[in-house]
Amino acid sequence: MTRERGDSVNPINLPNILSLLRLAILPFFLSYLAGGDIKAALYAMGGMIVTDVLDGYTARRFNLVSRLGKILDHVVDKIVLLTVSYTMCRVRDLPFWVFYLILLREVATLSVSAFLWKKRNVVAQSNVVGRVAGVFSVITALAYIFEHPYRVPLLYLTLLAMFLSSLNYLRIYLPHILNRRKDRVPV
């Protein structure tokens with residue numbers, strides 16, 4: 001059983017360190033990718049994926065869910081997604097309109113999350129639909145790294161998954177915005 005809001009969890013814990021490690025790996029990934037060292041870029045990307053999976057797993061498994069961790073993971077995910085998307089536009093053939101679409105979505109979800117946190121004392125959490133969109137994002141990034149012939153259809157599937165995740169996010173959090181609900185949010 002996890003703590004409701006993680007208020008009594010020490011914020012300096014393994015899941016939060018893993019989130020920060022993911023952020024620390026990001027510049028290496030970008031440098032390797034921009035420099036054409038695909039093998040090193042893939043190792044760095046693998047490190048970011050592993051730390052992303054492990055931070056949530058260890059937080060839930062060892063009852064280390066903290067309010068800071070929920071926010072930190074959310075923000076680091078957005079930084080990684082936006083930075084990788086932008087870099088893919090610069091060094092691969094990802095269209096820039098995709099980056100701007102992702103930027104718009106991420107700014108909107110971050111704004112809603114900030115509003116919920118400040119005004120409703122609710123921390124927005126990831127959910128299954130968002131995780132599926134994240135998996136599609138990784139697969140699409142790999143397709144663009146390797147210039148796979150199916151990268152464009154994968155891109156459109158990823159954008160669809162992101163759109164569905166945005167709708168799901170709205171479905172979950174709109175009642176909290178409109179009615180000042182403070183009950184537990186489903187994951």
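Residues numbered from 1 in each chain as written. Predicted model: local features only at pLDDT ≥ 70, side-chain atom pairs only at ≥ 80, totals over all residues. Heavy atoms only, no water.

1. Notes on the overall build of the protein chain
- For the protein chain, the count of helices and strands is six helices and zero strands.
- Starting at the N terminus, the α and β elements of the protein chain follow one another as α-α-α-α-α-α.
- Computed over C-alpha atoms, the radius of gyration of the protein chain comes to 17 Å, within 12% of the 16 Å expected from 2.2 N^0.38 for 187 residues, which places it in the range of a compact globule.
- Judged by the C-alpha coordinates and their principal axes, the protein chain covers about 45 × 35 × 20 Å.
- Expressed as a percentage of the 187 residues in the protein chain, the buried residues total 41%.
- Within the protein chain, residue pairs in contact and separated by at least 24 positions form 74% of the contacts whose partners lie at least 6 positions apart.
- For the protein chain, the computed accessible surface area is about 10,600 Å², with 69% contributed by carbon and sulfur atoms.
- Side chains of the protein chain carry 22 positive and 11 negative charges; the gap between the two charge centres is 8 Å. (Helix = DSSP H or I, 4+ residues; strand = E, 2+ residues; numbered from the N terminus. Rg over C-alpha atoms; globule rule 2.2 N^0.38 Å. Buried < 20%, exposed > 50% of the residue type's maximum accessible area, 1.4 Å probe, protein only. Contact = heavy atoms within 4.5 Å. Areas by Shrake-Rupley, 256 points an atom, 1.4 Å probe, with all protein chains shown as cover. Lys, Arg positive; Asp, Glu negative; His and termini not counted. Charge placed at Lys NZ, Arg CZ, Asp CG, Glu CD.)

2. As for the confidence of the model for the protein chain
- Here the protein chain shows a mean pLDDT of 90. Residues at 70 or above account for 91%.
- Scored below 50 in pLDDT, residues 1-6 shows 19 contacts in the model against residues more than four places distant or in partner chains. (pLDDT = per-residue confidence, 0-100.)

3. Quick word on the pattern of salt bridges
- Under the definition given, this model contains seven salt bridges.
- The closest approach of N and O atoms between arginine 22 and aspartate 55, which form a salt bridge, is 3.1 Å. Here the residue arginine 22 occupies a position in helix α1 (residues 14-34), and aspartate 55 occupies one in helix α2 (residues 38-61), the gap between them amounting to 33 residues. Each member of the pair, arginine 22 as well as aspartate 55, carries the same accessibility label: buried.
- Between lysine 78 and glutamate 106 there is a salt bridge, with its nearest N and O atoms 2.4 Å apart. (Salt bridge = Lys/Arg side-chain N within 4 Å of Asp/Glu carboxyl O.)

4. A closer look at α2
- Compared with an ideal rise of 1.5 Å per residue, which puts 24 residues at 34 Å, α2 spans 34 Å between its outermost C-alpha atoms and is within 8% of the ideal.
- Within the span of α2, buried status applies to Ile38, Ala40, Ala41, Ala44, Met45, Met48, Thr51, Asp55, Gly56, Thr58 and Ala59.
- Where α2 is buried, its residues touch α1, α3 (67-91) and α5 (128-145).
- Directly beyond the C-terminal end of α2, a positive phi value near 55° is found at asparagine 63. (Expected span 1.5 Å × (residues − 1).)

5. A look at the side chain of arginine 22
- Residue arginine 22 is classed as buried on the basis of its relative accessible area, which comes to 2%.
- With near-sequence residues (within four places) excluded, arginine 22 lies in contact with Met48, Thr51, Asp52, Asp55, Asp73, Val76, Asp77 and Val80.

6. A short note on the packing of α1 against α2
- Where α1 contacts α2, the axes come no closer than 8 Å and their chain directions differ by 165°. Comparing the axis directions of α1 and α2 gives the class roughly antiparallel. Classified by chirality, the crossing of α2 by α1 is left-handed.
- Its residues assigned to classes, the contact of α1 with α2 shows 18 nonpolar, four polar and three charged. (Axes fitted to C-alpha atoms, helices over the stretch in contact; angles between N-to-C directions. Parallel < 35°, antiparallel > 145°, perpendicular 65-115°, else oblique. Left-handed = near helix turned anticlockwise from the far one by under 90°. Nonpolar A, V, L, I, M, F, W, Y, C, P; charged D, E, K, R; others polar.)

7. Topic: the packing of α1 against α3
- Relative orientation of the contacting elements α1 and α3 amounts to 5°, with a least axis distance of 9 Å. When the interaxial angle is binned, α1 and α3 end up roughly parallel.
- Each residue belonging to the contact of α1 with α3 can be placed in one class, and the counts come to 15 nonpolar, five polar and three charged.

8. A look at the environment of proline 15
- As for its position among the elements, proline 15 is in helix α1.
- Separated by 21 residues in the primary sequence, proline 15 and glycine 36 have C-alpha atoms spaced 31 Å apart.
- Excluding residues within four positions of it along the chain, proline 15 makes contact with Asp55, Thr58, Ala59 and Leu64.

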